[in-house]
Amino acid sequence: MSDRSVDHVVVVAGAVYDRGRLLAARRSAPAELAGRWELPGGKLEPGESAEEALVRELREELGVETEPGERIPGEWPLKPGYVLQVWTARLLSGEPRALQDHDELRWLARYELDSVDWLDQDRPAVAEAGLRLPAVPADGVRG
Ligand SMILES: Nc1nc2c([nH]c(=O)n2[C@H]2C[C@H](O)[C@@H](COP(=O)(O)OP(=O)(O)OP(=O)(O)O)O2)c(=O)[nH]1
């Protein structure tokens, strides 16, 4: 039982990148998480691979098609019995919209990552995801 995913619920989240920015989503529920920012995603369902769960969750929550990339090394504890795993993801089609679980979305450049109130448990994962961003976004626009 050394594999934590055997006895933990795995929450798969996407580090969705586009033009040198990372997508952040503000939770609308449950009450104790509402208003805090996270990487969009959700729980792995039985029989699903992490990549399949990620694609499904991003479609349901944001209305976009994505292609999973690499897993960001690490696994972060959430509430008891839950762990967070993060995959990079590339937008294939659609513009993300806050359809489910979120009420606002923002694209953040590396220098903007601290501008939103991330869930405490997400901060180490976001820091790792941020390392994959360029210092200046692709279109060069700052501030
Ligand atoms: N998606 C996501 N959930 C997170 C993050 N950080 C964090 O603590 N959580 C928590 C919130 C929820 O308690 C749980 C994931 O549940 P969820 O509500 O997003 O997943 P889901 O869509 O599969 O859930 P459900 O509505 O089908 O029950 O993990 C994160 O970065 N992304």
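Residues numbered from 1 in each chain as written. Predicted model: local features only at pLDDT ≥ 70, side-chain atom pairs only at ≥ 80, totals over all residues.

1. Side note on the UniProt feature "domain: Nudix hydrolase" (unreviewed entry) in the protein chain
- In this numbering, the UniProt entry assigns the feature "domain: Nudix hydrolase" (unreviewed entry) to residues 7-132.
- Spanning residues 7-132, this segment combines 17% helix with 43% strand, and its end C-alpha atoms are found 30 Å apart. (UniProt positions renumbered as here; feature names shortened; annotations may be inferred. Helix = DSSP H or I, 4+ residues; strand = E, 2+ residues; numbered from the N terminus.)

2. Considering the site of the ligand
- In the vicinity of the ligand lie 16 residues, with Glu38, Gly41, Gly42, Lys43 and Leu78 positioned nearest.
- Along the lines of polarity and charge, the residues of the shell around the ligand split into eight nonpolar, three polar and five charged. (Near = placed C-beta within 6 Å. Nonpolar A, V, L, I, M, F, W, Y, C, P; charged D, E, K, R; others polar.)

3. Observations concerning helix 3 (residues 123-130)
- Residues of helix 3 that are buried: Ala125, Val126 and Ala129. Along helix 3, the residues classed as buried sweep out an arc of 100° about the axis, all on the same side.
- Structurally, helix 3 contributes buried residues whose contacts are with strand 1 (9-18), strand 2 (21-27), strand 5 (65-77) and strand 6 (82-93). (Buried ≥ 20, exposed ≤ 12 C-beta atoms within 10 Å, placed from the backbone. Arc of directions from axis to C-beta. Contact = placed C-beta atoms within 7 Å.)

4. A few points about helix 2 (residues 50-62)
- An ideal rise of 1.5 Å per residue puts 18 Å on 13 residues; helix 2 measures up with 17 Å between its terminal C-alpha atoms.
- Residues of helix 2 that are buried make contact with strand 1, strand 4 (41-43), strand 5, strand 6 and strand 7 (102-108).
- Looking one or two residues beyond helix 2, the residue adopting positive phi is Gly63, at roughly 70°. (Expected span 1.5 Å × (residues − 1).)

5. Focus: the pairing of strand 5
- In this structure, strand 5 lies alongside strand 6, joined through eight bridges in antiparallel fashion. Counterpart to Glu67 in the pairing with strand 6 is Arg90.
- Hairpin remark: strand 5 followed by strand 6, antiparallel, with four residues in the connecting loop; positive phi at Gly81, about 90°. (Pairing = 2+ DSSP bridges.)

6. Digging into the nonpolar core
- Among the nonpolar cores identified, the biggest contains 27 residues, and Val12, Ala15, Leu54, Val86, Ala125 and Ala129 are the most heavily contacted of them.
- Listed by contribution, the elements that provide at least two residues to this core are strand 1, strand 2, helix 2, strand 6 and helix 3.
- Ala15 has contacts with Leu22, Leu39, Ile72, Val86, Thr88, Ala89 and Ala129, leaving out every residue within four places of it along the chain. (Core = buried A, V, L, I, M, F, W, Y, C linked by C-beta atoms within 7 Å.)

7. Considerations on the confidence of the model for the protein chain
- The share of residues in the protein chain with pLDDT of 70 or more is 94%, and the mean pLDDT across the chain is 93.
- Model confidence for the complex: the whole-complex pTM is 0.91, and ipTM, which rates the interface, is 0.90. (pLDDT = per-residue confidence, 0-100.)

8. With respect to unusual backbone geometry
- The omega angle of the peptide bond from Ala29 to Pro30 is -10°, so this bond is cis rather than trans.
- Mapped onto the fold, Pro30 is located in the loop between strand 2 and strand 3 (37-38).
- Of note in this structure, Arg19 is not a glycine but carries a positive phi near 45°.
- Relative to the assigned elements, Arg19 resides in the loop between strand 1 and strand 2.
- One non-glycine residue, Asp101, adopts positive backbone phi at about 75°.
- On the basis of neighbour counts, which here come to 21 C-beta atoms within 10 Å, the residue Asp101 falls in the buried class.

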